[in-house]
Each structure stands twice: as structure tokens, then as C-alpha cells.
Amino acid sequence: MTNVSIIGIGKTNVREHWDTSIRHLAWYAIEAALDDAHISEVDSLYVGNMLAGQLSNQNHLGALIADFSGLRGIEAVTVEAADASGGAAVRQAVLAVKSGLVQTALVIGVEKITDETGTPVNAALASGLDADFEAVQGLTYAGAGALLMRRYMHEHGVEVADFAGFSVNAHANGASNPMAMFRNRLKPERFAMAPLVADPVSLFDAAPAGDGAAAIIVTSTERARDMVPQPVDIIGSALATDTMGLHDRGDILHLTAAAISAARAMEAASVTVDDVDLFELHDSFTVMAALSLEAAGFAARGEGWQLARDGEIGLNGRIPISTLGGLKARGNPIGATGVYQVVEVSQQLRGQAEACQVEGAKIGMAQNLGTTGATAVTHIMRVSQ
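Residues numbered from 1 in each chain as written. Predicted model: local features only at pLDDT ≥ 70, side-chain atom pairs only at ≥ 80, totals over all residues. Heavy atoms only, no water.

*Asks:* How should I be thinking about the layout of surface pockets in this particular structure?
*Replies:* In this approach, a probe sized like a water molecule rolls over the atoms, and the result shows the empty space that is left. Here the largest pocket is characterised by a volume of approximately 480 Å³. Considering the residues around the largest pocket, the lining is formed by 21 residues, among which Val197, Ala206, Ala207, Pro208 and Ala209 are closest to the centre. It is helix 5 (residues 119-126) that provides the largest number of residues to the lining of the largest pocket, a total of 3 residues. Class assignment for the residues of the lining of the largest pocket results in 14 nonpolar, 6 polar and 1 charged. (1 Å grid on protein atoms, 1.4 Å probe; cavity = no way out; pocket = protein on both sides within 12 Å on 5 of 7 lines; lining within 4 Å. Points joined across faces, edges and corners; volume = space filled by probe spheres on them. Helix = DSSP H or I, 4+ residues; strand = E, 2+ residues; numbered from the N terminus. Nonpolar A, V, L, I, M, F, W, Y, C, P; charged D, E, K, R; others polar.)

*Asks:* Explain the sheet that holds strand 1 (residues 4-11) to me, please; I cannot follow it from the model alone.
*Replies:* By way of backbone hydrogen bonds, the strands of a sheet pair with one another, either parallel or antiparallel. If you trace the 9 strands from one edge of the open sheet to the other, you get 3-2-4-7-1-8-11-10-9, paired in mixed fashion. Where the open sheet ends on each side, the last strands, each with one partner, are strand 3 (75-79) and strand 9 (278-280). On average, each strand axis in the sheet is tilted by 25° relative to the strand beside it, whichever way the strands run. Pairing analysis gives 8 bridges linking strand 10 (residues 363-370) to strand 11 (residues 375-383), with the strands arranged antiparallel. In the sheet register, glycine 364 faces strand 11, and the bridge partner there is methionine 381. Contacts between helix 1 (residues 22-37) and the sheet are confined to strand 1, strand 4 (104-111) and strand 7 (212-220), with strand 1 contributing the most and set at about 130° to the helix. (Pairing = 2+ DSSP bridges. Axes fitted to C-alpha atoms, helices over the stretch in contact; angles between N-to-C directions. Contact = heavy atoms within 4.5 Å.)

*Asks:* How should the environment of tyrosine 152 be read in this particular structure?
*Replies:* By secondary structure assignment, the location of tyrosine 152 is in helix 6 (residues 141-156). Distance from tyrosine 152 to leucine 291, taken between C-alpha atoms, is 9.0 Å for residues 139 residues apart in sequence. For tyrosine 152, the contacting residues outside a window of four places in its chain are Gly157, Val158, Phe163, Leu253, Val287, Ala290, Leu291, Glu294, Gly302, Glu303, Gly304 and Trp305.

*Asks:* Got a minute to help me understand helix 11 (residues 286-296) in this structure?
*Replies:* By the criterion of burial, helix 11 is predominantly enclosed, with 11 of the 11 residues buried. Here helix 11 has its buried residues at Thr286, Val287, Met288, Ala289, Ala290, Leu291, Ser292, Leu293, Glu294, Ala295 and Ala296. At the C-terminal side of helix 11, glycine 297 shows a positive phi close to 100°. (Buried < 20%, exposed > 50% of the residue type's maximum accessible area, 1.4 Å probe, protein only.)

*Asks:* In this structure, what is going on with the side chain of serine 261? I would like to understand it.
*Replies:* By secondary structure assignment, the location of serine 261 is in helix 10 (residues 256-269). Classification of serine 261 as buried rests on a relative accessible area of 0%. Apart from residues no more than four positions distant in its own chain, serine 261 is found in contact with Ala238, Leu239, Ala240, Gln367, Ala376, Val377 and Thr378.

*Asks:* Sorry, what's going on with the environment of glycine 109 here?
*Replies:* Structurally, glycine 109 can be placed in strand 4. Sequence-wise, glycine 109 and isoleucine 30 are 79 residues apart; in three dimensions their C-alpha atoms are separated by 9.7 Å. Not counting residues within four places of it along the chain, the set of residues in contact with glycine 109 comprises Gly48, Gly212, Ala213, Ala214, Ala336 and Val339.

*Asks:* What exactly am I supposed to notice about the pattern of salt bridges here?
*Replies:* As enumerated under the stated definition, the model contains 13 salt bridges in all. The residue arginine 72 makes a salt bridge to aspartate 67 at a minimum N-O spacing of 2.7 Å. Given the relative accessible area of 70%, arginine 72 is considered exposed. Exposure remark for aspartate 67: the relative accessible area of 37% places this residue in the partly exposed category. Ionic pairing is found between aspartate 233 and arginine 225, a salt bridge with its closest N-O pair at 4.0 Å. Look at the salt bridges and you will find they share partners, linking Arg151, Glu155, Asp251 and Arg301 into a network. (Salt bridge = Lys/Arg side-chain N within 4 Å of Asp/Glu carboxyl O.)

*Asks:* Would you take a moment to explain helix 10 for this structure?
*Replies:* An α-helix turns once every 3.6 residues. As a result, residues three or four positions apart point the same way. In this model helix 10 runs 20 Å from its N-terminal to its C-terminal C-alpha over 14 residues, within 8% of the 20 Å that 1.5 Å per residue would give. Taken together, the buried positions of helix 10 are Ala257, Ala258, Ala259, Ser261, Ala262, Ala265, Met266 and Ala269. Elements that come into contact with the buried residues of helix 10 comprise strand 8 (232-241), helix 11, strand 10 and strand 11. Downstream of helix 10 by a residue or two, serine 270 has a phi angle that is positive, lying close to 55°. (Expected span 1.5 Å × (residues − 1).)

Below you can see the structure in the form of C-alpha cells.
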């Protein structure tokens, strides 16, 4: 079966792009990726997006972005899996190239969330929950995170302050990333003093939503080695699902889809957790970071928070996470997040993360989650050998 490699990456910063349309935002990242790959044409386009239809009144992004990017005529579709839309779009591109039916595929994750504010945004984000049993009862995106955090604290005897290490680490790394949404450092003692969003989730637990776009270009590994000096191989790729509603899960503190997708991706890549040099996880809330570390096998149940407390998630730690700020400091572009993660792992493996560089990084993993983990997409990458 054909192996797949990344030959081009591009991204915008994550912020409130008030004066930029969704098509322009996508084009900025696409242009950067095409330039990075030294090509001008691709065979197919996969768009990762969750909210354009609700917040920008714009569906049919595949055709829109293909046309605006000068790629009119190519195969182009939108992939939606809530927050995991970006990772799912990468997965579709990988499958397309592996099939041999597509030679070169472009993935663009793009989200324009600041076209609206307040209630419309909260309602749009809640559409990633179970509409009949969660959203209809008033559960919000942050509320779901709060339910998980409260249960985690209850079962494992931890306090709000015990989650501080995740945000402190994200902001420390984001401070060195010129494209991060927030570049301020966070002191541990300030963490538990932040205003509440949904008790016990505070402003310092929740990742800030913002506009952004990130793009990658993939082709077969054989072609990639002749096209660019440093292709990044995608050696493992897997997508798995769980129940939408938290109430349907036998154990709400076990991210089943995340565990399945991580295990399948590692099996495909022939690696274990001990081989992974960095992990770009989905830290939409600090509790999700702890749960993801546990689901992927980097920590035992109830011990994910201890990795943050003990400094093992820093750039020089046992398993660096959120190396360019993660969702918490780089910003959370919702449906584009999964593509940002793959771009950032590629930067690390190429040695292009500058002040955020994980020294000697050879194998990186990215995991993108949809809302509370109903969808999980995991990709494992290494520099082409």
C-alpha cells in the first residue's frame, strides 16, 4: 500500500480576523503550503470546518475555496466532525493518496468564528453535542467540559489548582510562538483565581476560540522524496468514534474513541508511547488534556494531571505537549484545530519550531477530538528516512 508524506505546510495566526473573509483566510494558508511544497496544482481538496454554515451563512466550502484559490475544477469537499473536522479532513486525504486514486491532496482547516458573538456562537458550538438529549437541556460546550472536570475531581481527589500545570505549560510555550493568540505567561498561583466559565471550569481552563486556517499538502512518500528536501511521513492514521452523549457512556472519564484511535495509529506506525517525542493533544479544557494523556497511554487512569504537576509535559519533559501553545495559548480554531496540530508536529520534526523546539524530536503524534471525544483522530509522523 502507498505510504503518505507531507510536502507542504502553511498557517495563519489564530485571532479575531474581523476584516478577513473565510475564503481569504483559507487562501493565506493554502498559498503558504503551496509555496512550501514548490507546487501550484493539486488533485483534490479536503476542507475541515464545523461552523461556517451557522456563523458565516456559507456552506459548500469545497467549491468556494477551490475556486478562490485558483484550483477550479479539482475534486473538493468539506469534512465535518465538530472540533475534529480538521483531523478528519487530514484522514480523508491520507486515505485518498493511499488508495492510489489521488496523487497530491491539499487539506485546509479553516474556521471563522468571530462573525458572530455571544449566544449564536454558544449555540453553534453546542451543535457538536447530542441535540436531543444534551443541547436541548441547555448543556453548552463549556458545560460539558465542566461535567467532566467535576467528575474527575470527585473520583481522583484532585482540586482545581491541580490542573494549573497544563495552562502554565501552554502559555509558556505560546509566549515563544509569534503566531499564538495569547503570548502572556501564566503564574500557577493565578490559575485558580480566574473567573468561572462553567463551574469548575474557569477562563484559564478553557481554550479561547478564534479565527484561523492551516493547510498541509500530502502525496506518496516515493514522490515526496523527489519533491522536497525534508518530507514528513504520516506513519500512522486512525479515526474512531464514541457515543455523542456523556450519559450513554459506561465510563465518562475514559475517552474510548481517543484510546482506540491512538492504539490503532501506533499499531500502524509500529511504535509505542515510549517512542513518541511529542504529543499535540486537544486541550480545549485542562481536563481534556489529562484525559487524553490517560487514553493514549502516557499516564495511568487518574494520573494524567500529575504529568503537568511534575513538569513532564514541558519542552524538555518526558512527553512534551502543546509545544507551540496548544489550543489554550495558540488559540482554538475549532474545525481547523486538527490541521494546526499536524502542521505544528511537522514544524517540530523539521526542526523549525524555533524557541518552541523539542530537541531531537523524531516521532510526533497529533490527536484531534470532537467535543467531548465522540470523534477522535490520531496521526503519527516522523521525518522521512
